[in-house]
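Each chain is listed here by its residues.
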Amino acid sequence: MRWCGSVNSMQFKSLLIFLLFLTTEEVVGIARTHEKPNVLLITADDLGWDSLGCMGNNLKGLTPNLDRLATEGLLFTHGFVATPICGPSRQALYTGRFPQSTGMLGHGTQPPKWWNATRNNSRTQSITTELLKSGYLTGMIGKHGSQWCQFSEPPHGRNDQTGMGRNPEKYARFAKNFLSKAKQKNKPFFLSINTHDPHRYWARHPSETMEWVRNMMNESSWQALKNGKPYPDPETKFDPTDCPIPPPYPKEEKIKEVLATYYDSVNRMDQIIGEVLKVLEKSGSKKNTVVIFLSDHGLAWDLSKWSLYPSGVRTPVIIRWPSLINPEQTDSKSIISVIDIAPTIAEICGLDELTGTDGQSFFCLLNGNKKAWKRPWAFSCFNYMNNDPKIDETIDTYSRTLFQKLDQYRPSRALNNGSFCYVWNGWSDGVSTLPPTMLGEFHSLLPSLAKNPLDVDYGDYLQKRDFIKYRVTEELYELSNDPGCHKNLAKEPQYKDKLSEFQNTMKNILEKTNDHELKSFLAYTQKSQLHAK
(Lines give C-alpha, C1' and ligand atoms only; values in the text may rest on other atoms or scores of the structure.)
Protein backbone atom coordinates (compact mmCIF):
# COMPACT_ATOMS: atom_id res chain seq x y z
CA MET A 1 0.00 0.00 0.00
CA ARG A 2 1.19 3.52 -0.75
CA TRP A 3 0.41 6.41 1.52
CA CYS A 4 2.36 9.07 -0.31
CA GLY A 5 4.63 10.04 -3.17
CA SER A 6 2.67 8.56 -6.09
CA VAL A 7 2.05 10.43 -9.36
CA ASN A 8 -1.63 11.29 -9.91
CA SER A 9 -3.49 10.75 -13.20
CA MET A 10 -3.45 14.46 -14.18
CA GLN A 11 0.34 14.64 -13.74
CA PHE A 12 0.75 11.47 -15.82
CA LYS A 13 -1.39 12.85 -18.68
CA SER A 14 0.60 16.10 -18.69
CA LEU A 15 3.82 14.10 -18.92
CA LEU A 16 2.50 12.15 -21.92
CA ILE A 17 1.52 15.37 -23.77
CA PHE A 18 4.97 16.79 -23.03
CA LEU A 19 6.71 13.70 -24.44
CA LEU A 20 4.70 13.88 -27.71
CA PHE A 21 6.46 17.13 -28.63
CA LEU A 22 9.98 15.85 -28.00
CA THR A 23 12.40 14.57 -30.62
CA THR A 24 13.66 11.00 -30.48
CA GLU A 25 17.05 12.21 -29.25
CA GLU A 26 15.41 14.19 -26.47
CA VAL A 27 13.32 11.20 -25.36
CA VAL A 28 16.41 8.98 -25.27
CA GLY A 29 18.22 11.63 -23.23
CA ILE A 30 15.40 11.74 -20.68
CA ALA A 31 15.32 7.95 -20.51
CA ARG A 32 19.03 7.87 -19.76
CA THR A 33 18.70 10.37 -16.94
CA HIS A 34 15.74 8.43 -15.51
CA GLU A 35 17.26 4.98 -15.43
CA LYS A 36 15.80 2.47 -13.03
CA PRO A 37 17.71 2.94 -9.79
CA ASN A 38 19.92 0.21 -8.43
CA VAL A 39 19.37 -0.97 -4.85
CA LEU A 40 22.07 -1.98 -2.38
CA LEU A 41 20.38 -3.32 0.76
CA ILE A 42 22.77 -3.85 3.69
CA THR A 43 21.87 -5.57 6.95
CA ALA A 44 23.81 -6.10 10.14
CA ASP A 45 23.25 -9.12 12.38
CA ASP A 46 22.43 -8.45 16.06
CA LEU A 47 23.40 -4.77 16.06
CA GLY A 48 22.09 -2.59 18.87
CA TRP A 49 20.38 0.61 17.68
CA ASP A 50 22.79 2.77 19.69
CA SER A 51 25.97 1.08 18.45
CA LEU A 52 26.79 3.56 15.67
CA GLY A 53 28.57 6.87 15.99
CA CYS A 54 25.82 8.58 13.99
CA MET A 55 23.29 7.31 16.56
CA GLY A 56 25.14 8.94 19.43
CA ASN A 57 27.68 6.28 20.44
CA ASN A 58 30.81 8.16 21.52
CA LEU A 59 33.31 5.30 21.15
CA LYS A 60 35.94 6.86 18.88
CA GLY A 61 36.57 5.04 15.60
CA LEU A 62 33.64 2.64 16.02
CA THR A 63 31.76 2.98 12.71
CA PRO A 64 33.43 5.52 10.41
CA ASN A 65 31.98 4.09 7.19
CA LEU A 66 28.36 4.00 8.34
CA ASP A 67 28.73 7.43 9.93
CA ARG A 68 29.93 8.75 6.57
CA LEU A 69 27.05 7.03 4.80
CA ALA A 70 24.62 8.74 7.18
CA THR A 71 26.09 12.18 6.43
CA GLU A 72 25.75 11.50 2.70
CA GLY A 73 22.05 10.73 2.94
CA LEU A 74 19.12 10.45 5.33
CA LEU A 75 19.28 8.85 8.79
CA PHE A 76 16.04 7.63 10.37
CA THR A 77 16.69 7.24 14.08
CA HIS A 78 13.45 5.40 14.86
CA GLY A 79 13.25 2.34 12.67
CA PHE A 80 11.78 -0.83 14.17
CA VAL A 81 11.98 -4.48 13.17
CA ALA A 82 8.96 -6.81 13.13
CA THR A 83 10.49 -9.39 15.45
CA PRO A 84 13.80 -9.72 17.35
CA ILE A 85 14.84 -13.07 15.91
CA CYS A 86 16.89 -13.16 12.71
CA GLY A 87 15.05 -15.52 10.34
CA PRO A 88 11.53 -14.14 10.81
CA SER A 89 12.89 -10.57 10.91
CA ARG A 90 14.45 -11.01 7.48
CA GLN A 91 11.28 -12.66 6.17
CA ALA A 92 9.39 -9.52 7.19
CA LEU A 93 12.02 -7.28 5.58
CA TYR A 94 11.71 -8.88 2.15
CA THR A 95 7.96 -9.51 2.14
CA GLY A 96 6.60 -6.46 3.98
CA ARG A 97 4.48 -8.76 6.13
CA PHE A 98 4.41 -9.50 9.86
CA PRO A 99 5.28 -13.01 11.13
CA GLN A 100 1.64 -13.78 11.98
CA SER A 101 0.74 -12.96 8.35
CA THR A 102 3.28 -15.32 6.76
CA GLY A 103 3.44 -18.03 9.41
CA MET A 104 7.21 -17.51 9.74
CA LEU A 105 7.04 -17.34 13.53
CA GLY A 106 10.51 -18.46 14.58
CA HIS A 107 13.21 -20.99 13.79
CA GLY A 108 12.66 -24.69 13.14
CA THR A 109 9.53 -25.93 11.36
CA GLN A 110 7.73 -22.87 9.99
CA PRO A 111 4.88 -22.26 9.48
CA PRO A 112 3.75 -24.54 12.31
CA LYS A 113 1.25 -27.27 11.49
CA TRP A 114 -1.43 -25.54 13.57
CA TRP A 115 -0.93 -22.27 11.65
CA ASN A 116 -1.31 -24.04 8.29
CA ALA A 117 -4.56 -25.59 9.51
CA THR A 118 -6.43 -22.28 9.29
CA ARG A 119 -4.37 -19.99 7.06
CA ASN A 120 -2.01 -19.96 4.09
CA ASN A 121 0.69 -17.66 2.82
CA SER A 122 0.14 -18.19 -0.89
CA ARG A 123 -0.32 -14.43 -1.49
CA THR A 124 3.10 -13.60 -0.08
CA GLN A 125 5.45 -11.78 -2.43
CA SER A 126 9.11 -10.91 -2.03
CA ILE A 127 10.67 -7.69 -3.26
CA THR A 128 13.65 -9.61 -4.67
CA THR A 129 11.43 -11.86 -6.78
CA GLU A 130 9.37 -8.94 -8.08
CA LEU A 131 12.53 -7.05 -9.03
CA LEU A 132 13.84 -10.15 -10.79
CA LYS A 133 10.59 -10.36 -12.78
CA SER A 134 10.92 -6.72 -13.79
CA GLY A 135 14.38 -7.15 -15.28
CA TYR A 136 16.71 -6.54 -12.33
CA LEU A 137 19.83 -8.60 -11.75
CA THR A 138 19.35 -9.77 -8.17
CA GLY A 139 21.87 -11.25 -5.78
CA MET A 140 22.65 -11.86 -2.13
CA ILE A 141 25.63 -12.57 0.07
CA GLY A 142 25.36 -13.59 3.72
CA LYS A 143 22.24 -14.74 5.49
CA HIS A 144 19.40 -15.68 3.15
CA GLY A 145 16.33 -13.49 3.38
CA SER A 146 13.15 -15.44 2.70
CA GLN A 147 11.79 -18.64 1.22
CA TRP A 148 9.96 -16.40 -1.26
CA CYS A 149 13.17 -14.71 -2.43
CA GLN A 150 14.30 -15.63 -5.93
CA PHE A 151 17.60 -14.42 -7.35
CA SER A 152 19.36 -14.28 -10.67
CA GLU A 153 21.88 -16.71 -9.23
CA PRO A 154 22.03 -18.78 -6.01
CA PRO A 155 22.61 -16.81 -2.80
CA HIS A 156 26.25 -16.66 -1.76
CA GLY A 157 25.66 -17.65 1.84
CA ARG A 158 27.85 -20.56 2.88
CA ASN A 159 30.41 -19.92 5.61
CA ASP A 160 33.28 -20.84 3.29
CA GLN A 161 31.96 -18.28 0.76
CA THR A 162 31.70 -15.43 3.27
CA GLY A 163 34.34 -16.24 5.88
CA MET A 164 31.53 -16.89 8.36
CA GLY A 165 30.07 -13.56 7.30
CA ARG A 166 33.08 -11.74 8.76
CA ASN A 167 35.59 -11.44 5.91
CA PRO A 168 35.66 -7.99 4.24
CA GLU A 169 37.71 -9.20 1.28
CA LYS A 170 35.22 -11.92 0.36
CA TYR A 171 32.31 -9.47 0.47
CA ALA A 172 34.17 -6.92 -1.64
CA ARG A 173 35.15 -9.52 -4.25
CA PHE A 174 31.59 -10.80 -4.53
CA ALA A 175 30.21 -7.26 -4.86
CA LYS A 176 32.78 -6.37 -7.53
CA ASN A 177 31.94 -9.45 -9.63
CA PHE A 178 28.20 -8.90 -9.22
CA LEU A 179 28.31 -5.23 -10.23
CA SER A 180 30.50 -6.09 -13.23
CA LYS A 181 27.95 -8.68 -14.30
CA ALA A 182 25.12 -6.13 -14.03
CA LYS A 183 27.09 -3.72 -16.21
CA GLN A 184 27.84 -6.42 -18.79
CA LYS A 185 24.18 -7.40 -18.98
CA ASN A 186 23.10 -3.73 -19.01
CA LYS A 187 20.65 -4.35 -16.16
CA PRO A 188 19.76 -2.46 -13.02
CA PHE A 189 20.71 -4.45 -9.94
CA PHE A 190 19.44 -5.37 -6.50
CA LEU A 191 22.18 -6.62 -4.21
CA SER A 192 21.63 -7.68 -0.60
CA ILE A 193 24.73 -7.52 1.59
CA ASN A 194 24.30 -9.27 4.95
CA THR A 195 27.16 -9.25 7.44
CA HIS A 196 27.17 -11.79 10.26
CA ASP A 197 28.96 -9.35 12.53
CA PRO A 198 28.24 -8.46 15.26
CA HIS A 199 26.48 -11.80 15.83
CA ARG A 200 28.01 -13.89 18.59
CA TYR A 201 30.60 -15.08 19.20
CA TRP A 202 32.17 -11.66 19.32
CA ALA A 203 35.76 -11.00 18.30
CA ARG A 204 38.28 -12.15 20.93
CA HIS A 205 35.45 -13.24 23.24
CA PRO A 206 36.48 -16.31 25.31
CA SER A 207 33.85 -18.35 23.45
CA GLU A 208 35.37 -17.51 20.05
CA THR A 209 37.47 -20.68 20.11
CA MET A 210 39.04 -22.55 17.22
CA GLU A 211 36.76 -25.48 18.05
CA TRP A 212 33.76 -23.20 17.50
CA VAL A 213 35.24 -21.94 14.22
CA ARG A 214 35.83 -25.47 12.95
CA ASN A 215 32.32 -26.52 13.91
CA MET A 216 30.85 -23.53 12.10
CA MET A 217 32.92 -24.25 8.99
CA ASN A 218 31.88 -27.90 9.22
CA GLU A 219 33.58 -30.11 6.64
CA SER A 220 33.83 -27.42 3.97
CA SER A 221 37.16 -26.66 2.35
CA TRP A 222 38.47 -23.33 3.56
CA GLN A 223 41.71 -21.43 3.78
CA ALA A 224 42.80 -20.06 7.12
CA LEU A 225 44.25 -16.58 7.43
CA LYS A 226 47.32 -15.85 9.54
CA ASN A 227 45.16 -15.84 12.68
CA GLY A 228 43.98 -19.39 11.91
CA LYS A 229 40.42 -18.26 11.13
CA PRO A 230 38.51 -17.79 7.86
CA TYR A 231 38.14 -14.10 8.70
CA PRO A 232 40.47 -11.39 10.02
CA ASP A 233 40.44 -10.03 13.53
CA PRO A 234 38.98 -6.51 13.76
CA GLU A 235 41.29 -3.57 13.12
CA THR A 236 40.27 -2.18 16.51
CA LYS A 237 40.91 -3.43 20.02
CA PHE A 238 38.83 -1.13 22.16
CA ASP A 239 39.77 -0.34 25.73
CA PRO A 240 36.90 -1.62 27.93
CA THR A 241 37.03 1.55 30.02
CA ASP A 242 36.01 3.56 26.93
CA CYS A 243 33.08 1.33 25.99
CA PRO A 244 29.56 2.75 26.51
CA ILE A 245 27.03 0.53 28.27
CA PRO A 246 23.55 0.42 26.67
CA PRO A 247 20.69 1.54 28.98
CA PRO A 248 19.33 -1.95 29.89
CA TYR A 249 22.57 -2.97 31.64
CA PRO A 250 24.34 -1.98 34.88
CA LYS A 251 27.48 0.14 34.90
CA GLU A 252 29.94 -2.62 35.77
CA GLU A 253 33.55 -3.16 34.73
CA LYS A 254 32.76 -6.76 33.76
CA ILE A 255 29.96 -5.56 31.47
CA LYS A 256 32.38 -3.17 29.74
CA GLU A 257 34.98 -5.93 29.42
CA VAL A 258 32.57 -8.18 27.54
CA LEU A 259 31.06 -5.36 25.49
CA ALA A 260 34.52 -4.40 24.23
CA THR A 261 34.50 -7.64 22.23
CA TYR A 262 31.06 -6.74 20.87
CA TYR A 263 32.20 -3.29 19.78
CA ASP A 264 35.23 -4.78 18.02
CA SER A 265 32.82 -6.96 16.03
CA VAL A 266 30.73 -3.88 15.25
CA ASN A 267 33.86 -2.25 13.83
CA ARG A 268 34.58 -5.26 11.61
CA MET A 269 30.98 -5.08 10.35
CA ASP A 270 31.63 -1.44 9.48
CA GLN A 271 34.81 -2.43 7.70
CA ILE A 272 32.92 -4.94 5.52
CA ILE A 273 30.38 -2.27 4.61
CA GLY A 274 33.13 0.23 3.85
CA GLU A 275 34.81 -2.18 1.42
CA VAL A 276 31.51 -2.82 -0.38
CA LEU A 277 30.80 0.92 -0.66
CA LYS A 278 34.27 1.42 -2.18
CA VAL A 279 33.43 -1.19 -4.81
CA LEU A 280 30.18 0.60 -5.58
CA GLU A 281 31.93 3.94 -6.02
CA LYS A 282 34.65 2.50 -8.25
CA SER A 283 31.98 0.88 -10.43
CA GLY A 284 30.58 4.30 -11.34
CA SER A 285 27.09 3.35 -10.09
CA LYS A 286 27.04 5.39 -6.87
CA LYS A 287 24.79 8.23 -8.12
CA ASN A 288 21.99 5.97 -9.30
CA THR A 289 22.14 3.46 -6.44
CA VAL A 290 19.85 3.57 -3.43
CA VAL A 291 21.82 2.31 -0.44
CA ILE A 292 19.73 1.16 2.53
CA PHE A 293 21.20 0.03 5.85
CA LEU A 294 19.54 -1.45 8.94
CA SER A 295 19.96 -4.20 11.54
CA ASP A 296 17.82 -7.32 11.88
CA HIS A 297 17.40 -6.65 15.67
CA GLY A 298 19.33 -5.76 18.82
CA LEU A 299 22.56 -7.12 20.28
CA ALA A 300 22.72 -10.74 21.40
CA TRP A 301 22.12 -10.29 25.12
CA ASP A 302 19.15 -10.73 27.41
CA LEU A 303 16.77 -7.72 27.33
CA SER A 304 17.81 -7.00 23.73
CA LYS A 305 17.73 -9.88 21.23
CA TRP A 306 14.50 -11.90 21.65
CA SER A 307 13.00 -8.98 23.62
CA LEU A 308 10.55 -6.33 22.44
CA TYR A 309 12.01 -3.29 24.16
CA PRO A 310 13.74 -0.67 21.98
CA SER A 311 17.05 -2.41 22.74
CA GLY A 312 15.66 -5.44 20.91
CA VAL A 313 13.57 -4.02 18.06
CA ARG A 314 14.78 -0.48 17.34
CA THR A 315 17.25 0.05 14.49
CA PRO A 316 18.83 2.93 12.64
CA VAL A 317 17.78 3.10 8.99
CA ILE A 318 20.22 4.91 6.69
CA ILE A 319 19.25 5.69 3.09
CA ARG A 320 21.59 7.32 0.57
CA TRP A 321 20.33 8.15 -2.91
CA PRO A 322 22.32 10.99 -4.49
CA SER A 323 19.79 11.39 -7.31
CA LEU A 324 17.02 12.37 -4.87
CA ILE A 325 18.09 12.68 -1.24
CA ASN A 326 20.09 15.68 -0.07
CA PRO A 327 22.97 14.86 2.29
CA GLU A 328 23.24 15.48 6.02
CA GLN A 329 19.62 14.83 6.90
CA THR A 330 18.37 13.25 10.11
CA ASP A 331 14.73 12.33 10.76
CA SER A 332 14.31 11.74 14.48
CA LYS A 333 10.51 11.94 14.52
CA SER A 334 9.15 9.62 11.83
CA ILE A 335 8.43 6.03 12.90
CA ILE A 336 9.12 3.45 10.22
CA SER A 337 8.86 -0.33 10.41
CA VAL A 338 10.88 -2.95 8.60
CA ILE A 339 7.65 -4.00 6.87
CA ASP A 340 7.63 -0.59 5.15
CA ILE A 341 10.93 -1.17 3.36
CA ALA A 342 9.82 -3.64 0.66
CA PRO A 343 6.84 -1.45 -0.39
CA THR A 344 9.18 1.56 -0.48
CA ILE A 345 11.72 -0.22 -2.68
CA ALA A 346 8.88 -1.28 -4.98
CA GLU A 347 7.81 2.35 -5.42
CA ILE A 348 11.38 3.59 -5.85
CA CYS A 349 11.94 1.06 -8.63
CA GLY A 350 8.60 1.68 -10.37
CA LEU A 351 7.06 -1.71 -9.59
CA ASP A 352 3.39 -2.41 -9.03
CA GLU A 353 2.39 -2.41 -5.37
CA LEU A 354 3.16 -5.63 -3.54
CA THR A 355 -0.08 -7.44 -2.73
CA GLY A 356 -1.17 -8.21 0.81
CA THR A 357 1.61 -6.36 2.61
CA ASP A 358 1.22 -5.09 6.15
CA GLY A 359 3.61 -2.21 5.44
CA GLN A 360 3.37 1.11 3.62
CA SER A 361 5.73 2.90 1.27
CA PHE A 362 7.47 5.84 2.95
CA PHE A 363 8.71 7.31 -0.34
CA CYS A 364 7.24 10.67 0.74
CA LEU A 365 9.81 10.86 3.54
CA LEU A 366 12.60 10.52 1.00
CA ASN A 367 11.43 13.54 -0.98
CA GLY A 368 10.78 15.65 2.10
CA ASN A 369 7.00 15.34 2.45
CA LYS A 370 6.97 14.37 6.13
CA LYS A 371 3.41 15.56 6.73
CA ALA A 372 2.08 12.79 4.48
CA TRP A 373 3.52 10.03 6.71
CA LYS A 374 1.00 8.71 9.22
CA ARG A 375 2.62 5.89 11.21
CA PRO A 376 2.35 6.76 14.95
CA TRP A 377 3.82 3.50 16.29
CA ALA A 378 5.59 0.30 15.24
CA PHE A 379 4.31 -3.19 16.04
CA SER A 380 6.71 -6.01 16.90
CA CYS A 381 6.16 -9.55 18.12
CA PHE A 382 7.84 -12.70 19.35
CA ASN A 383 6.49 -16.23 18.95
CA TYR A 384 8.91 -19.16 18.78
CA MET A 385 12.54 -19.64 19.54
CA ASN A 386 12.61 -23.09 17.84
CA ASN A 387 9.79 -25.34 16.67
CA ASP A 388 10.95 -28.95 16.73
CA PRO A 389 9.55 -30.90 13.74
CA LYS A 390 8.66 -33.96 15.85
CA ILE A 391 6.78 -31.85 18.37
CA ASP A 392 5.16 -29.84 15.60
CA GLU A 393 3.55 -32.99 14.20
CA THR A 394 1.76 -33.55 17.51
CA ILE A 395 0.09 -30.09 17.61
CA ASP A 396 -2.76 -29.98 15.11
CA THR A 397 -4.55 -26.86 16.33
CA TYR A 398 -3.62 -23.67 18.12
CA SER A 399 -4.81 -23.19 21.70
CA ARG A 400 -4.35 -20.39 24.19
CA THR A 401 -2.40 -22.81 26.39
CA LEU A 402 0.18 -23.64 23.72
CA PHE A 403 2.90 -21.85 25.72
CA GLN A 404 2.27 -24.28 28.60
CA LYS A 405 2.79 -27.29 26.34
CA LEU A 406 5.85 -25.99 24.51
CA ASP A 407 8.54 -23.97 26.30
CA GLN A 408 9.91 -22.76 22.96
CA TYR A 409 6.65 -20.89 22.30
CA ARG A 410 6.67 -17.60 24.16
CA PRO A 411 4.16 -15.19 22.55
CA SER A 412 4.74 -11.48 23.17
CA ARG A 413 3.45 -8.39 21.37
CA ALA A 414 4.68 -4.78 21.54
CA LEU A 415 4.09 -1.25 20.33
CA ASN A 416 6.97 1.23 20.22
CA ASN A 417 7.40 4.85 19.26
CA GLY A 418 9.83 7.53 20.33
CA SER A 419 8.07 8.12 23.65
CA PHE A 420 6.66 4.84 24.97
CA CYS A 421 7.17 1.10 24.86
CA TYR A 422 4.18 -1.18 25.52
CA VAL A 423 4.68 -4.95 25.83
CA TRP A 424 2.19 -7.77 26.38
CA ASN A 425 3.69 -11.15 27.33
CA GLY A 426 0.90 -13.68 26.74
CA TRP A 427 2.96 -16.50 28.26
CA SER A 428 3.91 -14.78 31.53
CA ASP A 429 1.82 -16.33 34.30
CA GLY A 430 4.27 -16.26 37.21
CA VAL A 431 5.15 -19.92 36.71
CA SER A 432 6.25 -20.31 33.08
CA THR A 433 9.79 -19.23 32.24
CA LEU A 434 11.84 -18.51 29.19
CA PRO A 435 13.58 -21.69 27.98
CA PRO A 436 17.30 -22.10 28.72
CA THR A 437 18.04 -21.41 25.04
CA MET A 438 16.73 -17.86 25.55
CA LEU A 439 18.70 -17.12 28.71
CA GLY A 440 21.97 -15.58 27.63
CA GLU A 441 25.31 -14.36 28.88
CA PHE A 442 24.03 -11.29 30.73
CA HIS A 443 21.57 -13.44 32.68
CA SER A 444 24.41 -15.76 33.69
CA LEU A 445 26.64 -12.86 34.78
CA LEU A 446 24.14 -11.38 37.23
CA PRO A 447 24.66 -13.76 40.20
CA SER A 448 28.40 -13.04 40.39
CA LEU A 449 27.84 -9.30 39.86
CA ALA A 450 25.23 -9.32 42.63
CA LYS A 451 27.86 -10.28 45.20
CA ASN A 452 29.40 -6.82 44.98
CA PRO A 453 27.13 -4.58 42.87
CA LEU A 454 28.75 -1.34 41.73
CA ASP A 455 25.76 0.33 40.06
CA VAL A 456 23.69 1.43 43.05
CA ASP A 457 21.05 3.02 40.78
CA TYR A 458 20.39 -0.17 38.83
CA GLY A 459 18.29 -1.92 41.43
CA ASP A 460 18.50 -5.48 42.73
CA TYR A 461 20.56 -7.57 40.31
CA LEU A 462 18.93 -10.85 41.31
CA GLN A 463 15.45 -9.39 40.91
CA LYS A 464 16.45 -8.36 37.39
CA ARG A 465 17.65 -11.91 36.79
CA ASP A 466 14.26 -13.28 37.83
CA PHE A 467 12.49 -10.67 35.73
CA ILE A 468 14.42 -11.77 32.63
CA LYS A 469 13.34 -15.35 33.27
CA TYR A 470 9.67 -14.83 34.21
CA ARG A 471 8.75 -11.35 32.89
CA VAL A 472 5.31 -9.93 33.73
CA THR A 473 2.18 -10.00 31.61
CA GLU A 474 1.95 -6.29 30.81
CA GLU A 475 4.65 -3.63 30.62
CA LEU A 476 4.63 0.10 29.89
CA TYR A 477 7.69 2.36 29.87
CA GLU A 478 8.14 6.09 29.32
CA LEU A 479 11.33 6.19 27.31
CA SER A 480 12.31 9.82 27.85
CA ASN A 481 12.86 9.08 31.54
CA ASP A 482 13.62 5.38 31.28
CA PRO A 483 15.39 4.41 28.01
CA GLY A 484 16.48 1.08 29.52
CA CYS A 485 12.90 0.05 30.38
CA HIS A 486 13.45 -0.53 34.10
CA LYS A 487 10.37 1.04 35.71
CA ASN A 488 7.14 -0.64 34.64
CA LEU A 489 4.28 1.89 34.66
CA ALA A 490 1.49 -0.49 33.62
CA LYS A 491 -0.09 -0.46 37.09
CA GLU A 492 0.51 3.21 37.85
CA PRO A 493 -2.84 5.08 38.14
CA GLN A 494 -1.58 8.20 36.33
CA TYR A 495 -0.82 6.09 33.25
CA LYS A 496 -4.23 4.41 33.11
CA ASP A 497 -5.38 6.35 30.03
CA LYS A 498 -2.10 5.82 28.20
CA LEU A 499 -2.26 2.09 28.96
CA SER A 500 -5.83 1.92 27.64
CA GLU A 501 -4.75 3.74 24.49
CA PHE A 502 -2.03 1.16 23.80
CA GLN A 503 -4.37 -1.73 24.57
CA ASN A 504 -6.90 -0.44 22.04
CA THR A 505 -4.21 0.11 19.42
CA MET A 506 -2.87 -3.39 20.03
CA LYS A 507 -6.36 -4.85 19.70
CA ASN A 508 -6.78 -3.13 16.33
CA ILE A 509 -3.50 -4.38 14.87
CA LEU A 510 -4.10 -7.95 16.09
CA GLU A 511 -7.56 -7.89 14.48
CA LYS A 512 -6.24 -6.40 11.25
CA THR A 513 -3.50 -9.01 10.89
CA ASN A 514 -5.68 -11.91 12.09
CA ASP A 515 -3.14 -12.60 14.82
CA HIS A 516 -3.59 -16.00 16.47
CA GLU A 517 -2.98 -14.38 19.88
CA LEU A 518 -5.93 -11.98 19.55
CA LYS A 519 -8.32 -13.97 21.75
CA SER A 520 -5.68 -14.38 24.45
CA PHE A 521 -4.99 -10.67 24.41
CA LEU A 522 -8.68 -9.77 24.59
CA ALA A 523 -9.22 -12.19 27.46
CA TYR A 524 -6.34 -10.61 29.36
CA THR A 525 -7.41 -7.00 28.79
CA GLN A 526 -11.03 -7.71 29.70
CA LYS A 527 -9.91 -9.35 32.92
CA SER A 528 -7.50 -6.54 33.78
CA GLN A 529 -10.13 -3.89 33.09
CA LEU A 530 -12.57 -5.63 35.46
CA HIS A 531 -9.93 -5.68 38.18
CA ALA A 532 -9.26 -1.98 37.64
CA LYS A 533 -12.90 -1.02 38.34
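Residue positions are counted from 1 within each chain, in the order its sequence is given. In keeping with the model being predicted, local features are shown solely for residues with a pLDDT of at least 70 and side-chain atom pairs are shown and tallied solely at 80 or more, while totals for entire chains, interfaces and linings include all residues. The basis for the side-chain values is all heavy atoms of the structure; hydrogens and waters are excluded.

A. Looking closely at helix H3 (residues 64-71). Exposure categories follow from relative accessible area, calculated using a 1.4 Å probe and restricted to protein chains: below 20% of the type maximum is buried, above 50% is exposed, and the middle band is partly exposed. Numbered from the N terminus, helices here are DSSP runs of H or I no shorter than four residues, and strands are runs of E no shorter than two. All buried positions along H3 are accounted for by Asn-65, Leu-66, Leu-69 and Ala-70. Buried residues in H3, looked at end-on, bunch into an arc of 140°, giving them a common side. Residues of H3 that are buried in the fold lie against strand E2 (74-80), helix H11 (253-283), strand E6 (289-295), strand E7 (314-320) and strand E8 (329-331). The arc refers to the directions leading from the helix axis to the C-beta atoms. Between two residues, a contact is recorded if the distance between any of their heavy atoms is within 4.5 Å.

B. Structural detail: helix H9 (residues 168-185). Multiply 1.5 Å by the residue count of a helix minus one, and that product is the helix's expected span. In this model, H9 (18 residues) spans 26 Å end to end at C-alpha, consistent with the 26 Å of a helix rising 1.5 Å per residue. Taken together, the buried positions of H9 are Pro-168, Tyr-171, Ala-172, Phe-174, Ala-175, Phe-178, Leu-179 and Ala-182. Buried residues of H9, viewed axially, fall in a sector of 165°; they line one side. Opposite the buried face of H9, at more than 90 degrees from it, the exposed residues are Lys-176 and Gln-184. Downstream of H9 by one or two residues, Asn-186 has phi in the positive range, about 55°.

C. How the structure looks around the pairing of strand E14 (residues 474-478). Across the 5 residues that make up E14, a large majority, 5, are buried. Every second residue of E14 is oriented toward a common face, with Glu-474, Leu-476 and Glu-478 on one face and Glu-475 and Tyr-477 on the other, all of them buried. The rule for pairing is simple: two strands pair if DSSP sees at least two bridges between them. In the sheet, strand E13 (residues 420-425) pairs with E14 via 5 bridges, with the strands oriented antiparallel. Within the sheet, the bridge partner assigned to Cys-421 lies in E14 and is Tyr-477.

D. How the structure looks around the nonpolar core. Nine residue types can take part in a nonpolar core, namely buried Ala, Val, Leu, Ile, Met, Phe, Trp, Tyr and Cys, and a core is a set of them joined through side-chain atoms within 4.5 Å. Counting 71 residues, the largest nonpolar core has Leu-40, Leu-191, Ile-255, Phe-293, Trp-301 and Phe-442 as its most contacted members. Not counting residues up to four positions away in its chain, the partners in contact with Trp-301 are Arg-200, Trp-202, Tyr-249, Ile-255, Val-258, Leu-259, Glu-441, Phe-442 and Leu-445. Among the nonpolar cores identified, the runner-up in size contains 59 residues, and Phe-76, Phe-98, Met-140 and Trp-373 belong to it.

E. Region of interest: the pairing of strand E5 (residues 189-194). Among the 6 residues of E5, 6 are classified as buried, and the element is accordingly described as predominantly covered. Judged by which residues are buried, E5 turns out to be covered on both faces: Phe-189, Leu-191 and Ile-193 on one side and Phe-190, Ser-192 and Asn-194 on the other are all buried. The pairing of strand E1 (residues 38-44) with E5 spans 5 bridges and is parallel. Note on E5: the bridge partner recorded for Val-39 is Phe-190. Across 5 bridges, the pairing between strand E4 (residues 137-141) and E5 is parallel. Bridging across to E5, Leu-137 finds its partner in Phe-189.

F. Representation of the environment of Ala-203. With respect to the helices and strands, the residue Ala-203 is situated in the loop between E5 and helix H10 (210-217). Separated by 29 residues in the primary sequence, Ala-203 and Pro-232 place their C-alpha atoms 9.5 Å from one another. Excluding anything up to four places from it in sequence, Ala-203 contacts Glu-208, Pro-234, Thr-261, Asp-264, Ser-265 and Arg-268.

G. Region of interest: the confidence of the model for the protein chain. Taken as a whole, the protein chain shows an average pLDDT of 93; of its residues, 93% reach a score of 70 or greater. Within a predicted model, pLDDT stands for the predictor's per-residue confidence, ranging from 0 to 100. Low confidence marks residues 5-33, where pLDDT is under 50. Its contacts with residues over four positions away, or in another chain, come to 11 contacts.

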